[in-house]
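Notes for the structure review
For reference, the chains in residue letters:
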Amino acid sequence: MRTIIITGGAGFIGSHVVRLFVNKYPDYKIINLDKLTYAGNLANLRDIEDRPNYKFVKMDICDFEGVLELMRAEHVDGIIHLAAESHVDRSIKDPFTFAQTNVMGTLSLLQAAKTYWEPMGWEGKRFYHISTDEVYGALEMTDPSGIEPPFTTKASSGKHHLAYGSKFFTEDLKYQPHSPYSAAKASSDHFVRAFHDTYGLPTIVTNCSNNYGPYQFPEKLIPLFINNIRHRKPLPVYGKGENVRDWLYVEDHARAIDLIFHKGVIGDTYNIGGFNEWKNIDIIKVLIGTVDRLLGRPEGADMDLITYVTDRAGHDLRYAIDSSKLQRELGWEPSLQFEEGIEKTVRWYLDNQDWMDNVTSGDYQKYYENMYSNR
Ligand code: NAD
Ligand code: DAU
């Protein structure tokens with residue numbers, strides 16, 4: 001029996017983590033603590049919302065007293081912390097909100113956990129902080145010896161893998177965040193480690209690469225572009241579309257979180273990623289081909305939707321995670337090939353147009369607004 005708070009459980013990744021834990025651990029009590037910002041959508045969890053081991057609490061992670069009271073009332077012994085402002089473009093326009101939620105919110109949770117757990121001892125307690133690969137900054141796209149990418153390298157699973165540079169993000173790399181989003185996430189990671197080193201709080205940090213899959217808010221590349229292709233709207237490609245991201249299916253991230261929450265070493269950091277680098281423009285072409293095929297349009301008919309626009313300020317060139325520590329020490333591996341994952345994802349968005357329409361119209365926020373009062 002455990003009682004776990006999952007913060008940000010109404011968001012994209014959080015909803016997959018909540019679903020996995022509620023289904024897999026009927027003896028655990030799972031409390032989804034979420035403020036329901038624009039990114040929170042309880043419709044993401046409709047299939048499990050009536051389960052006896054699930055509870056939703058509308059709360060801001062910055063509400064230290066509220067979190068502490070909840071921890072005491074529910075005898076919480078674990079926190080999996082995903083709540084954050086997560087979109088880079090929004091952070092460029094409004095950095096204050098990112099510092100408030102990602103830094104001060106994380107600090108408020110850490111302090112509440114310390115205040116509640118310290119007098120009873122750390123045994124059996126765990127504070128697991130979910131972070132991003134963006135804290136490491138950006139990687140080069142050439143080999144120091146002058147060889148032009150892409151290279152074929154061997155991932156730690158032994159499979160061949162296309163890489164756009166010879167360097168990867170490893171856990172010991174210096175933090176070099178560039179955007180207000182990644183700077184705020186980096187700062188929150190430092191606070192988590194500081195609470196471990198200073199007070200002995202049992203913490204774990206993981207840094208994951210770009211996730212994709214169902215229930216992602218359509219401001220992010222993949223759901224935005226699937227929806228635009230469906231409606232034959234322009235696809236705004238930043239810069240030349242040459243930036244590289246390392247994509248992981250969201251359920252594989254959720255499985256890694258489950259494994260690390262239960263088996264990870266306290267005080268440690270793990271990188272999570274699928275050795276799956278893609279240039280944006282190549283992914284966009286795959287998306288166009290897949291949507292067109294599934295909708296019965298001539299394949300590639302919508303290539304002319306590609307519209308090159310002004311680049312994102314400070315746009316990181318390449319992210320590439322080395323997750324070999326996680327694979328070696330805890331035996332985790334991504335379960336899906338990218339081609340399967342993308343096909344599943346495109347199908348999900350096309351089959352769930354109601355979900356998408358609810359989000360794009362703003363109706364998803366109205367649906368729940370009378371159900372939960374603000375604290
Ligand atoms: P998301 O934007 O889809 O969801 C964020 C959730 O947090 C929402 O439900 C929102 O309502 C909630 N929230 C925001 N501010 C809050 C506050 N002050 N108090 C309580 N709840 C609040 O985010 P996501 O893409 O699912 O990312 C989840 C976490 O994973 C974030 O910490 C992010 O940095 C990290 N991450 C994301 C990715 C990715 O590709 N999406 C990759 C690596 C790491
Ligand atoms: O690497 C992990 C990070 O991945 C997470 O920490 C972030 O929370 C998550 O949002 C994601 O960040 P990105 O900035 O990489 O994701 P986004 O979907 O916004 O953009 C992916 C790439 O596509 C990026 O190079 C910018 C580009 N892009 C994005 C949008 C929304 C476009 O070219 N056009 C667009 O309209």
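Residues numbered from 1 in each chain as written. Chains lettered and ligands numbered in written order. Predicted model: local features only at pLDDT ≥ 70, side-chain atom pairs only at ≥ 80, totals over all residues. Heavy atoms only, no water.

One open sheet accounts for 7 strands, arranged β3-β2-β1-β4-β5-β8-β12; its pairing is parallel. In the strand order of this sheet, the two ends are held by β3 (54-58) and β12 (269-272), each with one partner. Neighbour to neighbour, the strand axes of the sheet diverge by 20° on average, direction disregarded. Those strands touched by helix α4 (residues 95-117) are β1 (3-7), β4 (78-81) and β5 (126-132), and its axis lies near 165° from that of β5. (Pairing = 2+ DSSP bridges. Helix = DSSP H or I, 4+ residues; strand = E, 2+ residues; numbered from the N terminus. Axes fitted to C-alpha atoms, helices over the stretch in contact; angles between N-to-C directions. Contact = heavy atoms within 4.5 Å.)

We now examine the pattern of salt bridges. Across all of its chains, the model carries 21 salt bridges by this definition. Between K35 and D60 there is a salt bridge, with its nearest N and O atoms 3.4 Å apart. Linking K35 in the loop between β2 (29-34) and β3 with D60 in the loop between β3 and α2 (64-74), this pair joins segments that are 25 residues apart in sequence. Owing to a relative accessible area of 25%, D60 belongs among the partly exposed residues under this scheme. D268 is the partner of K325 in a salt bridge, and the nearest nitrogen-oxygen pair spans 2.8 Å. In this pair, K325 sits in helix α9 (residues 324-330) while D268 sits in the loop between α7 (250-263) and β12, placing the two residues 57 residues apart along the sequence. Relative accessible area serves as the criterion here: at 13%, K325 is assigned to the buried category. Counted as one network, the salt bridges with shared partners bring together R232, D292, R297 and D302. (Salt bridge = Lys/Arg side-chain N within 4 Å of Asp/Glu carboxyl O. Buried < 20%, exposed > 50% of the residue type's maximum accessible area, 1.4 Å probe, protein only.)

Our focus in this paragraph is the sheet that holds strand β9 (residues 210-212). Strand order in the open sheet made by the 3 strands is β9-β11-β13, with mixed pairing throughout. Because the sheet does not close on itself, it has two edges, and the strands there are β9 and β13 (277-279). Each neighbouring strand pair of the sheet contributes to a mean axis angle of 50°, computed without reference to strand direction. In this sheet, β13 lies alongside strand β11 (residues 244-249) in antiparallel orientation, the contact comprising 3 bridges.

Before going further, it helps to examine the site of ligand 1. I13, D34, S86, Y181 and K185 are the nearest of the 28 residues found near ligand 1. In the model, an oxygen atom of ligand 1 is placed 3.0 Å from a nitrogen or oxygen of the F12 main chain. Within the backbone of K35, one N or O atom sits 3.0 Å away from a nitrogen atom of ligand 1. When contributions to the shell around ligand 1 are tallied by element, the ones reaching two or more residues are α1 (12-24), β5, α5 (180-199) and β9. Ranked by the residues each element gives to the shell around ligand 1, the list is headed by β5, at 3 residues. The residue inventory of the shell around ligand 1, partitioned by class, reads 13 nonpolar, 11 polar and 4 charged. (Near = heavy atom within 4 Å. Polar contact = N/O pair within 3.5 Å; in protein donor to acceptor, adjacent residues only side chain to side chain. Nonpolar A, V, L, I, M, F, W, Y, C, P; charged D, E, K, R; others polar.)

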